[in-house]
Every structure is written in structure tokens, then in C-alpha cells.
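The primary structure of each chain is shown beneath.
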2 protein chains.
Amino acid sequence: MIKIAVDAMGGDNAPGEIVKGAVDAVTERKDITVCLTGQKDVIEKELSKYTYKIEQIEIVDAPEVIETGEPPVNAIRKKKNSSLVVGLNLVKNGEADGFVSAGSSGAVLVGGQVIVGRVKGVERPPLAPLIPTEKGVSLLIDCGANVDARPSHLVQFAQMGSLYMKYVMGIENPRVAIVNIGVEEEKGNALVKETFPLLKECKNINFIGSIEAREIPHGGADVIVCEAFVGNVILKLYEGVGATMMTMVKKGLMSNLRSKIGALLIKPALKSTLKSFDASQYGGAPLLGLKGLVVKTHGSSKAKEVKNSIIQCISFKENEISDKIKGCLAPEETEA
Amino acid sequence: MIKIAVDAMGGDNAPGEIVKGAVDAVTERKDITVCLTGQKDVIEKELSKYTYKIEQIEIVDAPEVIETGEPPVNAIRKKKNSSLVVGLNLVKNGEADGFVSAGSSGAVLVGGQVIVGRVKGVERPPLAPLIPTEKGVSLLIDCGANVDARPSHLVQFAQMGSLYMKYVMGIENPRVAIVNIGVEEEKGNALVKETFPLLKECKNINFIGSIEAREIPHGGADVIVCEAFVGNVILKLYEGVGATMMTMVKKGLMSNLRSKIGALLIKPALKSTLKSFDASQYGGAPLLGLKGLVVKTHGSSKAKEVKNSIIQCISFKENEISDKIKGCLAPEETEA
């Protein structure tokens, strides 16, 4: 029985959508237990709205709440009884196999490193969301809060990302590319130029070279390697351009009667297309390279994204990704 | 009479679309002359297809052609009789007020700096395209080939970008923001953290703080400051996400009869919406901070973009942007 801890108090739609997502997850998968961390009375009230197998959902009381905007290091240090710190400790102590939170990114990233801790050999744990493409999804690694990465970090991101795409997403021999401003080998900034030959030499990945940002949405690579500043820009611009184009298309369709009628006819097809290009379909972003699994879901996550993030944890656990990362990055430690 | 030199041989659709764009420009504006640089016989053959006022178009023969992928520095040095080098020399010698090219970015950027030369006080000339937003357009500065910028470069980009948006685009007190991974002042990489206080102190710009990539398409600022690597990622991802979404929407609309009929009805409205979100509407990207005006248009430019780029040069010249940049960045030199 796999047990996933879930931060019931984190995110814009907590606790309502988080609790609903947990109920949906245990309804779909009879082989898991969800452990909700947060204010007990609040969670109980939400749970009372649903029917579910009582032994599949536990509550661990955590009266303190970390606010958005609270400095992450302080929050982690001072609020020992917050839903986030309690949840991370469940993973640390082996009482849960994974932890999902829609709370403050900074606090999740800091807490994951400080409380759960890094796998031996991992220099920096990257946050790696799946982004939609024309061909399916790609892993964008890193989008975390630690900027100004070194070349050795990027090489590890490529390795961890490859393991994730292979074992969790089922992509054989995933194509790894580094984000660059041109495809020629001599192009790039200092970081990319230094990293490129290291990736080329790296034996355990399928490195296909540079990728220009234009090719990312076309599905030009399975693992998109970049440092966190660039990754953050890519992730947020993806959202921004998508949202703006849709707003403009919808506004355009309301401009006259003819297109209004057309809009009614295309609505179902348009909706299903947009759904396939919606990042929330694919669950949260794992913080890779930690001793246990920590998944950060979007702050605005609704029940569906929470459920998908929980279910994502199952294959992560079943495939023992953390062990595989350790085996790849610190093989001597594993053998010892 | 303003005279604009145009590289008739540069770009994917040269010389046909370039020559057509030049003819369209002189048809629209009777107060300009266009000087086409390139292989004389080829240009004459293209021109023979159109009717226009003969004194408004000149040809300067330039038999050599710079190929895409040719190392820029070599190309500029060796091909003195290429359409690019000849055109840039016209600007340098004051025989033309501006130069438009859809040719190799690298060669245009290198040639602009080496041949035309920087305005006194300018440390690095940025390439600054206009990008479409929900509210109109914003200037993305820098998207050039010189990466790993210093904070002082970014401050100059902010100043030059403000002058451009004010005098060429007519935006009073343009809002300047720096691309960042959060809006809080303590966020960012080393470059952004060092640049932020300098922009805050800068008296001649309207600095509004950090902008997250998500807000760029919403029109969150008029001048978007970043170093060229990030700028390049933003520019190309803009194109990529837009193109992918439209491909997916169109494919979705063809999925059943109902939406096929709807698609026919919405086609005109959809087309005009997409047009307003198409970067080519707004002409090319000026290379700012040079002694004369050099404009790089997209390699795939068609006649319309070429025409718009030529017309953009007129307001640049009329408003004496290069002098204003000199006055802003090296005031003592101007007074001397």
C-alpha cells in the first residue's frame, strides 16, 4: 500500500479543492492511502461532503499555516506544525512515500532540501514540470528557485530528467537537448558553451544538441535542460502566450453574428484542444534528487490537478526513481 | 527627402518579396527614396514587374551574396561587395538615412557595429524587436547575439528602449520593467539583482520593477529589459507557442462536421485576431545605439514586413533617435 501525504492547506484553492482531489485519487486507486496534513477540523468538515473508503484517508493535524509571501527559510524553521513541515517530515521519517503541495514554491523547495534532504551525489535538486507539446509532453528541467547554476548541475539535470521520462513517462531513450539561441555548437552564453561538451560526453543520456525555444512547443526534445531563470521564463511565458491568444481568439469570435454562431459550433472541439495544451492535465512538478518524493503543484491547482499529482507519485514510487538517481549519480555509494 | 537603403538579397524570400516591399513603401510614401543594394540585373528584373515613380527607387550594384550560416565576421571582412556591406556603407557615409536587411542576423549585428559604429557612450547596441501584446506592442530589448551582458548594458537598454517607445511609437512615459522570476525585489539571478537598484536610481526612465514572463503577453510593460539569451528565448517561444496553438486549434476544428461548419463561419474573425498577434505587422527590429539606423527584419519576411520596416525608418530618422540616444547616454559629448 503506497501512502502519499498531501498538504491540505497549501494553494489558492485550499482546502476545498485539495481535499476533493484526495478523495478523487483514492476513489480511482484502491491501492493507495492519502494522508492529509493541516487543520484537523477544517479538513474533517471538507471530507464530510464526500463518500469514500474511510481507511484510505488519514488526517495528521497541523494547526499552523504558511502564508504566501512569507520568507521560505523562516517559515520552515519557525512553523514546525505547519501542514508543509509536517508533510515533509512524514516523507523524511518513511511514514509517507511522497508529498504533494500546492503551497508557496519557495517554501516547498527549501523545505524539500532541508527536511527531506538530497540523495547522495546530487548537487542541486531541480524542479521539473511537464509541459504540453504538439507531440505530447516534455520535461522542463530546472524551473526551481536556485538560479545561476553551474555546468555540473545541468549535466545532473539531464541525467535525472532522462530517468524520469523513461521510468515515469515510459519514453524509451528520451531525447535530451539544452536550451540555446541557435543550433550551432559555437552559439550560446558562457554556461551553455561550457555545458555542451559535458553533455556530449555523458554516456547515460541521449543528447541531441541545442534546442531553440521556438522548437520546444513542437516537441523537439523530451528533456529540455536549462538553468532555473530561463526555465522559469519558459514555463511562465508558455502560460502567458497561451492565455493571451485564447482571450484574443474568444474576443475576436464575439465581434459579429456570423462568428458568434460559428463559435457555438466549434466550442466542444476548441475546448478539447485547449485541454490537451493545458499543463494542469499532467500533474505537478517533482523536485528531483531528494531522498523522498516531493511534488509541487501549481498554486491555482484544482481537484483534478491534485488528483493527477497524487497518482503521479505512485509510478514514481513504484519505479524507485530516487534509487535510480542515486545509482546513476553516485554509483560507488550504492555499491558500498 | 529621406533615403532608406534595403538589402535586396538578404532573407528567405529575397529578392522577390524584398523588391515588392520596396515598391509598396514608395507607393505609400511619396517623401522617400529607397536604394536597393544587390545584384543589379536580378533587381532590375524584379522591378520590371511593377509600376512606380522611377526617381523613388535606386539600385546600387553589389554582386557578392552572404550565405546563411557563413561566419559573420569573415563575411563582413571578405565580402566588401555584398549587398549587406554596401548597404551599411551607404549609412556610414551619410548617403542613406537607414538600412533594412532580412539577411543573416549575425552578419547584420556584426556589420552594424563594425561598419556603422556605435554612438558615443553606448557600450553595446541591442537588437530590439516589437512584440505583440493584448494591449498593443512592447519593445523586447535585447534579443541580439551578444550574450552575458553586464548591469550597465541593461541600464542603457532601458534608456534606449524608452526613447524608442516614446519617439517612434508615441507612448508617453513608457513603463520599463526587467524580466525576472518573481516580482519581489530580492528575487532574481546575479545580473538582475545587480541591475535592479541601478534601474531604480535611473532618473530618465519610468521603471516599474520586475515583470514575470507570464505578464509580458498581457502587456505588463512597454519596455521589457533582459539580456540577449533570455530575450532570444522569449522572442522564439512567443512564435513557437503561438504557432503550435494555432496548428492544434485548426486540427481540432477539422475533427468533426459540426466544428468544420463552425470553422468556416469564424474564419474571417479568427484571421483578423491572429493578424493582430503577428509580429510581422510591426516591422523589423532596430539595432539601437548605432551612428545610423540599421533594422533587422525576420529572415522569412514578406513584402508587407519589408514595407513596414522601411516606413518605421522614417519616424526613426524624423525623430533623430540616434541623436537623442547620444544626448541621453553621453550628454557631455553632445554639449562639447
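These figures come from a predicted structure and were not determined experimentally. (Residues numbered from 1 in each chain as written. Chains lettered and ligands numbered in written order. Predicted model: local features only at pLDDT ≥ 70, side-chain atom pairs only at ≥ 80, totals over all residues. Heavy atoms only, no water.)

1. Considerations on the environment of C226 of chain B
Worth spelling out the cut-off: Under the DSSP-based scheme used, a helix requires at least four consecutive residues in state H or I and a strand at least two consecutive residues in state E, with every element numbered from the N terminus.
Inspection of the secondary structure assignment puts C226 of chain B in the loop between strand 9 (223-225) and helix 8 (228-253). Distance in space between the C-alpha atoms of C226 of chain B and I141 of chain B is 6.2 Å, their sequence separation being 85 residues.

2. Here's the deal with helix 6 (residues 151-167) of chain B
Note the cut-off: By this rule the span expected of a helix is its residue count minus one, scaled by 1.5 Å. The classification of residues rests on relative accessible area computed with a 1.4 Å probe and restricted to protein chains. Under 20% of the type maximum is buried, over 50% is exposed, and intermediate values are partly exposed.
For helix 6 of chain B, spanning 17 residues, the distance from its first C-alpha to its last is 25 Å, which sits close to the expected 24 Å at 1.5 Å a residue. By the criterion of burial, helix 6 of chain B is predominantly enclosed, with 14 of the 17 residues buried.

3. As for the domain arrangement of chain A
Residue and element names in this part refer to chain A. As a reminder, the rule being used: Domain borders in the structure are assigned automatically or taken from a domain database. When checking whether two residues touch, look at their non-hydrogen atoms; a contact exists if any pair is within 4.5 Å. Throughout, the accessible surface (probe 1.4 Å) given up by two parts as they are put together, summed over both, is called the buried area. In the sections that follow, a salt bridge refers to a side-chain nitrogen of Lys or Arg positioned within 4 Å of a carboxyl oxygen of Asp or Glu. Classification convention: Asp, Glu, Lys, Arg as charged; Ala, Val, Leu, Ile, Met, Phe, Trp, Tyr, Cys, Pro as nonpolar; all other residues, Gly among them, as polar.
According to the domain assignment, chain A contains domain 1 (1-122 + 289-322 + 329-336) and domain 2 (128-281). The C-alpha centroid of domain 2 is placed 25 Å from the C-alpha centroid of domain 1. Taken together, the 15 residues of domain 1 in the interface contact 14 residues of domain 2. In this assembly, domain 1 packs against domain 2 so that about 1200 Å² is buried in total across both faces, 55% of it on carbon and sulfur atoms. For the pair domain 1 and domain 2, the interface holds 0 salt bridges. Sorting the residues of the side of domain 1 that touches domain 2 by element identifies helix 5 (105-116), helix 10 (303-318) and helix 11 (321-329) as the ones contributing at least two each. A per-class count over the side of domain 1 that touches domain 2 returns 5 nonpolar, 8 polar and 2 charged.

4. Description of the packing of aromatic side chains
Spelled out, the test is: The rule is short: rings of Phe, Tyr and Trp, with Trp giving its six-membered ring, pair when the centres are within 6.5 Å, and they are stacked under 30 degrees, edge-to-face over 60, tilted in between. Whether a charge sits over a ring comes down to the Lys NZ or Arg CZ being within 6 Å of the ring centre and within 35 degrees of the ring normal.
Scanning the entire structure with this criterion turns up 4 aromatic pairs over all chains. For the pair Y164 of chain B and F316 of chain B, a centre-to-centre distance of 6.0 Å together with 50° between the ring planes defines the contact as tilted. With Y164 of chain B in helix 6 and F316 of chain B in helix 10 (residues 303-318), the pair connects residues that are 152 residues apart, well separated along the chain. Residue F316 of chain B is classed as buried on the basis of its relative accessible area, which comes to 4%. Aromatic side chains F196 of chain B and F207 of chain B sit 5.2 Å apart centroid to centroid with 75° between the ring planes, which places their arrangement in the edge-to-face category. Within this pair, whereas F196 of chain B is found in helix 7 (residues 190-201), its partner F207 of chain B is found in strand 8 (residues 206-211), the two being separated by 11 residues in sequence. There is no split in this pair, since F196 of chain B and F207 of chain B are both buried. The cationic tip of K324 of chain A hangs over the ring face of Y167 of chain A; the distance from NZ or CZ to the ring centre is 4.1 Å.

5. Description of the pairing of strand 5 (residues 130-133) of chain B
All names here are of chain B. Which entries qualify depends on this criterion: By definition, two strands form a pair when at least two bridges between them are found by DSSP.
Burial along strand 5 is two-sided: the face carrying L130 and P132 and the face carrying I131 and T133 are both buried. Sheet topology places strand 5 next to strand 6 (residues 136-141); 4 bridges connect them, and they run antiparallel. Residue P132 lies in a different strand from strand 6, and its bridge partner there is V137. Adjacent in sequence and paired antiparallel, strand 5 and strand 6 are bridged by 2 residues.

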